[in-house]
Amino acid sequence: ALIFLGLFTYYIVHFGYYPTLIVNGQWISAVRVMRDIDASYAYYVRLAEAQKMPLNPATVTREVRRATFERLIEATLVSDGLQSRLGGQAAAVVDQKIASAVTRSAELSSAAKALYGWDSETLRRLLLEPQAKIDVLSEELAAGGTNYDEWLAQQKAAADVKIFFAPYSWDGEKIVEK
């Protein structure tokens, strides 16, 4: 049993399946955070190269990490809000929103590769799905007479956010460096 526990712990730590961020009780694993940071960093490097801008890797890395944590917190709050309003239909409504916006998926996939260096799954995870969730939630909130930005500010202020293994904290509005 002790050997099994040791191997299990090694597996969890080695592959990054431990929480780095907990938002209202939902765990976000280190592997997901790092995957998103890597994809975002690749985008910023390509953008800087295309615009022939000087790039300070340490500054960009720090800002991409901070922005990724903040984006994951907001995405969790939006997902929670969408789930509470649409329940089991949320995923289907979001998929329908994406399908209506993306008319030429093959061209979009090749453009994502050329522009961002992302495959179609990364494009969907980092750009299409979060924006579709925001759009659907905004429409749902507007139908009830609530402004999305005000709603998000309230959710952020009330959120229970815990950040582990990173030099950041949550101030109820945004990620700040410790």
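Up top you'll find the structure we're talking about.
Below, the structure is looked at part by part. Since this is a predicted model, take the numbers as computed values, not measurements. (Residues numbered from 1 in each chain as written. Predicted model: local features only at pLDDT ≥ 70, side-chain atom pairs only at ≥ 80, totals over all residues. Heavy atoms only, no water.)

Quick look at helix α2 (residues 30-50)
Logical step 1: Between its first and last C-alpha atoms α2 spans 30 Å; for 21 residues at 1.5 Å apiece the expected length is 30 Å, and the two agree.
Logical step 2: Buried residues in α2 make contact with β1 (19-23), β2 (26-29), α3 (57-86) and α6 (120-143). (Helix = DSSP H or I, 4+ residues; strand = E, 2+ residues; numbered from the N terminus. Expected span 1.5 Å × (residues − 1). Contact = heavy atoms within 4.5 Å.)

Here's the deal with the sheet that holds β2
Whether parallel or antiparallel, the strands of a sheet pair through hydrogen bonds between backbone atoms.
Logical step 1: Strand order in this open sheet of three strands is β2-β1-β3, and the pairing throughout is antiparallel. Since the sheet does not close on itself, it has two edges, and those belong to β2 and β3 (161-163), each with one partner. In this sheet, adjacent strand axes meet at a mean angle of 20° when their direction is disregarded.
Logical step 2: In this fold α2 packs onto β1 and β2, with an angle of close to 55° to the strand it touches most, β2.
Logical step 3: Of the strands in this sheet, β1, β2 and β3 are in contact with α3, which crosses β1 at around 45°. (Pairing = 2+ DSSP bridges. Axes fitted to C-alpha atoms, helices over the stretch in contact; angles between N-to-C directions.)

Points about the packing of aromatic side chains
Aromatic ring pairs are described here by two measures, namely the spacing of the ring centres and the angle between the planes.
Logical step 1: Applying the stated rule across the entire model yields six aromatic pairs.
Logical step 2: Each ring, one from Y43 and one from W118, has its centre 6.1 Å from the other, and the planes form 45°; the classification is tilted. Placement of the pair is Y43 in helix α2 and W118 in the loop between α5 (105-115) and α6, with a sequence separation of 75 residues.
Logical step 3: Considering the side-chain rings of F164 and F165, the 6.4 Å spacing of their centres and the 50° angle between planes classify their relative orientation as tilted. (Phe/Tyr/Trp six-rings, centres within 6.5 Å; stacked < 30°, edge-to-face > 60°.)

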